[in-house]
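Descriptive analysis of the structure
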Amino acid sequence: MKKDFSSAEKKLIGGMGLLMGIRMLGISMIIPVFSIFATGISGSTHELAGVAVGIYGISQTIFQIPLGRLSDRWGRKQATLLGLAIFFIGTVLSGISTNIYHLIVSRFIAGAGAVSGITMAWLTDGIDTDRRNAALSLAGISIGAAVIAGFTLSPAIAGYLGIPYLFHTCAAITLVSILFTMKYLENHRTNGADREGQSLKIRNVALILKNPDILRLNAAGLVGNMSLTGMFFIMPLLIKEEFGLLSMWKIYVPMALTGTVCMYFFGRQADRIGTVRIAAAGFAFEIAGALMPLISRGPAALIAAFMLFYVGHCIISPVLPAAVSKHPSEEHRGTVMGIFNSSQFIGSGLGGLACGILYSFSSDCIFLCIIVVILILLYAFSGFRNYSS
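Residues numbered from 1 in each chain as written. Predicted model: local features only at pLDDT ≥ 70, side-chain atom pairs only at ≥ 80, totals over all residues. Heavy atoms only, no water.

What follows concerns the overall build of the protein chain. A count of helices and strands for the protein chain gives 16 helices and zero strands. Across the 389 residues in the protein chain, those meeting the buried criterion constitute 58%. For the protein chain, long-range pairs separated by at least 24 residues make up 87% of all intrachain contacts whose partners lie at least 6 apart in sequence. Surface summary for the protein chain: the accessible area is close to 15,100 Å², and the carbon and sulfur share equals 67%. (Helix = DSSP H or I, 4+ residues; strand = E, 2+ residues; numbered from the N terminus. Buried < 20%, exposed > 50% of the residue type's maximum accessible area, 1.4 Å probe, protein only. Contact = heavy atoms within 4.5 Å. Areas by Shrake-Rupley, 256 points an atom, 1.4 Å probe, with all protein chains shown as cover.)

Take a look at the structure:
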């Protein structure tokens, strides 16, 4: 086994890490306050706010697999640029939305720029199978740094200028990521890209979905993002009531710092001790975070709950896609990663829709739902076999 990455691998990890980080900087500025914006915009109800939160994930679900399959045939770079351009348009429209219905349509357009699976496949194209957890963890450092910056700037910009300005800032950052991709990143084609569109055949998708380990990983991605959306729907609302919008960065910054450290540490450990144990640890942190607000709603309890949950999310976020990338054939990797990311965005969509309904009854219902679905997942995921073993 190689002890160090080659120079080509380091260049790939660095370039893709920067692209992911630039893109995540814009996205992470919106996430911490979006539920506040969606519940306060003209014409909003709890249910419609849930739709506004979930529609982004639903749109990503629809377009993730087609774009992933397109990247297998057309190339990672071209498909990524197309997705970023669509995301830019949707983000601009979100910033000028005047009511909840305009916001819902705008977020659907933004979600159509579904490039997460493509960028993951682009990165893993050039990394040996047994080093992908480490590579994704290294790339995740830039994502973690972007999240820290985004979480820091988000409450300040929203508090002083207004939440719509966050969308304008995100759009500008997306333009930077487009220019960076065009100028500095090299395109990759998979070996099957020119085989008469082989990767675009529906039967390949059906074949992939028959694999039990892929199904377990897709279920983990779905539940993980459903839970994450639920927490980022309800917790900003509770924290804003307790601390105020301008002070929210004091919670988000240490949370993001801790999560980034855990992402790097546990991601590297997964190559050694396996996916199941690391994923189980991450989901255990998430359960603890969702359980705490049911016990206490004091300021310290809210901070600890959000911290625990976010650490759990950061633990599993590099491990699951790395495990997915170890199984598929090389020529279908973009499709397989697209399927996995679609399962994640199905979770985001369902999480937003469910939270809007559950919040109409009680915020406790959201936390209880998160705990139940994670416990069910842990039982199902225990049968996963580590591809590297």
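For helix α14 (residues 319-326), the buried fraction is high: eight of the eight residues fall into the buried class. Buried within α14 we find Val319, Leu320, Pro321, Ala322, Ala323, Val324, Ser325 and Lys326.

Running from N to C, helix α12 (residues 275-295) and helix α13 (residues 299-316) cross one another at 160°; their axes reach a closest spacing of 7 Å. Considering their axes alone, α12 and α13 lie roughly antiparallel with respect to each other. Considering only the axes of α12 and α13, their crossing is left-handed. When α12 is examined against α13, the residues Ile278, Ala279, Gly282, Phe283, Phe285, Glu286, Ala288, Gly289, Met292 and Pro293 are found in contact with a partner set consisting of Ala301, Ala304, Ala305, Leu308, Phe309, Val311, Gly312, His313, Ile315 and Ile316. Its residues assigned to classes, the contact of α12 with α13 comprises 15 nonpolar, four polar and one charged. (Axes fitted to C-alpha atoms, helices over the stretch in contact; angles between N-to-C directions. Parallel < 35°, antiparallel > 145°, perpendicular 65-115°, else oblique. Left-handed = near helix turned anticlockwise from the far one by under 90°. Nonpolar A, V, L, I, M, F, W, Y, C, P; charged D, E, K, R; others polar.)

What follows covers the packing of helix α4 (residues 76-95) against helix α5 (residues 100-111). At their nearest, the axes of α4 and α5 sit 7 Å apart, and the two run at 165° to each other. Relative to α5, the element α4 lies roughly antiparallel. Along this stretch, α4 crosses α5, giving a crossing that reads as left-handed. Across the interface between the two elements, Ile86, Phe87, Ile89, Gly90, Thr91, Leu93 and Ser94 of α4 pack against Leu103, Ser106, Arg107, Ile109 and Ala110 of α5. Residues of the contact of α4 with α5, tallied by class, amount to seven nonpolar, four polar and one charged.

What follows covers the nonpolar core. Judged by nonpolar contacts, the single largest core of 105 residues is most densely connected at Phe34, Phe233 and Met235. Broken down by element, this core gets its largest block of residues, 14 residues, from helix α10 (residues 212-243). Among residues more than four places away in sequence, those in contact with Phe233 are Ser35, Ala49, Gly50, Val53, Cys355, Gly356, Tyr359 and Ile366. Phe266, Ala270, Val311 and Ile315 belong to the second largest nonpolar core, which has seven residues in total. (Core = buried A, V, L, I, M, F, W, Y, C linked by side-chain atoms within 4.5 Å.)

Going through the model one piece at a time under the given rule, you end up with three salt bridges. Between Arg76 and Asp72 there is a salt bridge whose closest N-O contact spans 2.8 Å. Notably, a salt bridge pairs Arg297 with Asp364, separated by 2.4 Å at the nearest N-O pair. Within this pair, whereas Arg297 is found in the loop between α12 and α13, its partner Asp364 is found in helix α16 (residues 363-381), the two being separated by 67 residues in sequence. You can call Arg297 partly exposed: its relative accessible area is 30%. Given the relative accessible area of 31%, Asp364 is considered partly exposed. (Salt bridge = Lys/Arg side-chain N within 4 Å of Asp/Glu carboxyl O.)

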